[in-house]
Amino acid sequence: MKLYQLGHITDKKAALKALKVESGGVSIMAKKMELLYFFIQDLKTPAANILKQDALSIGADLAVPGGVILCEKPTYDCILIGTRKHIEILSKKELAQPFGLKTVAAELKKFLSVKTYPTQIMGVINANDDSFFAGSRFQAEDAINQIHTMIDDGASIIDIGAVSSRPGADAVSAEEELVRIKPICDIIKSEKLYEKAIFSVDSYTPDVIEYALNSGFSLINDITGASNEDIIRLAVKYESKLCIMHMQGAPKTMQKDPNYDDVMVEVSDFFEERIRQCEALGLSRENIILDVGLGFGKTLEHNITLIKNMTHFKVFGCEVLVGASRKSMIDKIIATTTEERLPGTLAIHLKAVENGASIVRCHDVAEHRQALAVLKAIL
């Protein structure tokens with residue numbers, strides 16, 4: 001007899017089927033193989049004590065601070081620990097409990113039915129001369145050549161923008177933005193390149209967005225997070241997808257002193273509000289993509305927290321995009337120039353995909369295609 005410890009098993013049902021487990025037991029045991037953790041902020045003390053006992057009664061647990069049993073404070077932060085099966089039981093059991101536990105039950109239930117999307121690579125084309133990475137800057141014919149290369153290298157989405165959103169970037173007029181991107185849009189339309197890939201316009205200027213949508217683009221990448229209702233209406237009118245990014249502040253000043261009480265709570269609340277706004281204007285959840293905005297009004301600690309907990313954002317039922325390509329957060333971990341940050345980029349993006357991201361926005365398409373293929377084989 002030999003014994004060894006197994007690493008993380010992504011496809012639990014496949015592993016059980018390979019073991020020839022009886023078909024009826026596969027689903028039951030798969031739920032027991034997935035350990036989940038939930039942070040609960042400001043849970044009422046009576047609720048914490050009830051949830052602790054209910055969790056223990058089924059083999060799960062609730063990590064609580066000292067003093068909860070004595071009700072020293074009105075609320076506490078807690079971490080709920082349990083298998084998927086435990087969470088299923090608790091999401092039903094707590095519906096009968098007071099002190100806000102019905103809300104906890106309803107929230108837990110949402111996490112049990114999240115969608116899984118196929119991983120896609122989004123290549124980046126910048127039609128300007130001041131984006132932070134010089135290797136992403138292209139104009140007209142050169143941009144078209146790069147688009148063909150990216151498609152051949154494995155990009156299913158091409159994101160084109162004419163205004164830099166790097167920290168400290170100056171604003172650009174709508175007229176100048178259109179002058180920069182128009183030649184690329186015209187060639188995409190005339191050559192029907194939209195039949196070979198999805199084209200995304202990286203803009204928050206309605207006139208520029210509409211010109212791109214009329215040129216065959218079908219995705220709007222809005223770093224202002226759908227703050228302008230006209231952009232939502234354009235997405236509805238053209239049956240386009242809309243990527244909503246979270247940003248604290250504006251590019252010119254966003255990195256001066258980013259501050260959050262809890263970055264996960266604030267970004268999540270932001271998405272919830274913006275999704276509600278989009279749906280009210282007729283944009284379905286299936287056409288919404290979420291981007292936590294790494295580096296957009298966030299410290300290194302904020303960025304890492306969002307990457308580690310990216311699986312949370314799947315709860316909204318939308319695709320989740322990650323974009324850390326060659327960003328300065330890598331330099332804050334290990335001193336590197338922009339040109340030297342591909343290894344750090346791959347590390348971040350692979351972890352983000354493992355944690356639930358399905359769209360990877362990057363400058364280096366071929367390298368990401370290879371890395372993602374290897375990750376998929378391992379998982």
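The sections below set out a description of the structure shown in this document. (Residues numbered from 1 in each chain as written. Predicted model: local features only at pLDDT ≥ 70, side-chain atom pairs only at ≥ 80, totals over all residues. Heavy atoms only, no water.)

This part covers the overall build of the chain. A tally of regular secondary structure across the chain gives 14 helices and 11 strands. In summary, the chain has a C-alpha radius of gyration of 23 Å against a globular reference of 21 Å for 379 residues, a match within 12%. With respect to the principal axes defined by its C-alpha atoms, the chain has extents near 65 × 55 × 45 Å. Relative to its 379 residues, the chain shows a buried fraction of 47%. (Helix = DSSP H or I, 4+ residues; strand = E, 2+ residues; numbered from the N terminus. Rg over C-alpha atoms; globule rule 2.2 N^0.38 Å. Buried < 20%, exposed > 50% of the residue type's maximum accessible area, 1.4 Å probe, protein only.)

The subject of this paragraph is the side chain of Asn 221. Within the secondary structure layout, Asn 221 lies in strand β7 (residues 219-222). Sequence-distant contacts of Asn 221, that is, excluding residues within four places in its chain, are made with Asp 159, Ser 200, Val 201, Asp 202, Ser 203, Cys 243 and Arg 361. (Contact = heavy atoms within 4.5 Å.)

With that out of the way, let us pick up the packing of aromatic side chains. Given two aromatic rings, one states the distance between the centres and the angle between the planes to describe the pair. Tallied over the full model, the rule gives 5 aromatic pairs. Between Phe 270 and Phe 271, the ring centres sit 5.7 Å apart and the planes meet at 55°, which makes this aromatic pair tilted. Of the two residues, Phe 270 and Phe 271, neither departs from the other in class, the shared state being buried. Ring geometry for Phe 271 against Phe 316: centres 6.4 Å apart, planes inclined by 80°, an arrangement best described as edge-to-face. Residue Phe 271 is found in helix α10 (residues 263-280), and its partner Phe 316 is found in the loop between α11 (300-308) and β10 (319-322); the two are separated by 45 residues along the sequence. Each of the two residues, Phe 271 as well as Phe 316, counts as buried. Aromatic ring contacts, followed pair by pair, group Phe 270, Phe 271, Phe 313 and Phe 316 into a single cluster. (Phe/Tyr/Trp six-rings, centres within 6.5 Å; stacked < 30°, edge-to-face > 60°.)

Quick look at the side chain of Arg 326 now. Structurally, Arg 326 can be placed in the loop between β10 and α12 (328-333). With a relative accessible area of 6%, Arg 326 lands in the buried category. Looking at Arg 326, its side chain comes within polar contact range of the main-chain oxygen of Thr 338, at 2.9 Å. (Polar contact = N/O pair within 3.5 Å; in protein donor to acceptor, adjacent residues only side chain to side chain.)

Turning our eyes to something else, we now look at a nonpolar patch on the surface. A surface patch of nonpolar side chains, amounting to about 430 Å² of accessible area, comprises Leu 35, Tyr 37, Phe 39 and Ile 79. Counting residues per element, the nonpolar patch draws most heavily on strand β1 (residues 35-44), at 3 residues. Relative to the elements of secondary structure, Phe 39 occurs in strand β1. (Patch = residues over 30% accessible without salt bridge, like charges linked within 9 Å, V, L, I, M, F, W, Y side chains within 5 Å. Areas by Shrake-Rupley, 256 points an atom, 1.4 Å probe, with all protein chains shown as cover. Salt bridge = Lys/Arg side-chain N within 4 Å of Asp/Glu carboxyl O.)

Positive charge collects at one region of the surface, where Lys 32, Lys 85, Lys 92 and Lys 109 lie side by side. Here Lys 32 shows up in helix α2 (residues 23-32). (Lys, Arg positive; Asp, Glu negative; His and termini not counted. Charge placed at Lys NZ, Arg CZ, Asp CG, Glu CD.)

Relative orientation of the contacting elements helix α7 (residues 174-190) and helix α8 (residues 206-213) amounts to 10°, with a least axis distance of 9 Å. Taken together, the axis directions place α7 and α8 in an arrangement best described as roughly parallel. Contact residues: Ala 174, Glu 177, Leu 178, Ile 181, Lys 182, Cys 185 and Asp 186 in α7; Val 208, Tyr 211 and Ala 212 in α8. Classifying every residue of the contact of α7 with α8 by side-chain character gives 7 nonpolar, no polar and 3 charged. (Axes fitted to C-alpha atoms, helices over the stretch in contact; angles between N-to-C directions. Parallel < 35°, antiparallel > 145°, perpendicular 65-115°, else oblique. Nonpolar A, V, L, I, M, F, W, Y, C, P; charged D, E, K, R; others polar.)

For the rest of this paragraph, the subject is the pairing of strand β6 (residues 198-202). Burial runs high along β6: 4 of the 5 residues are buried. The parallel pair β6 and β7 is bridged by α8, and the resulting crossover is right-handed. (Right-handed = clockwise from strand over helix to strand, strands pointing away.)

A few words now on the sheet that holds strand β3 (residues 75-83). Strands pair in a sheet through their backbones, by hydrogen bonds, and they do so in one of two ways: parallel or antiparallel. Pairing is antiparallel in the open sheet, where 3 strands are placed in the order β1-β3-β2. Looking at strand neighbours, the two that pair on one side only are β1 and β2 (61-63), the edges of this open sheet. Here the strands of the sheet are splayed against their neighbours by 25° on average, with no regard to which way each runs. Examined bridge by bridge, β2 and β3 share 3 bridges and lie antiparallel to one another. The residue of β3 that forms the bridge with Leu 62 is Leu 80. Packed onto the sheet, helix α5 (residues 101-111) meets β1 and β3 and runs at close to 150° relative to β1. (Pairing = 2+ DSSP bridges.)

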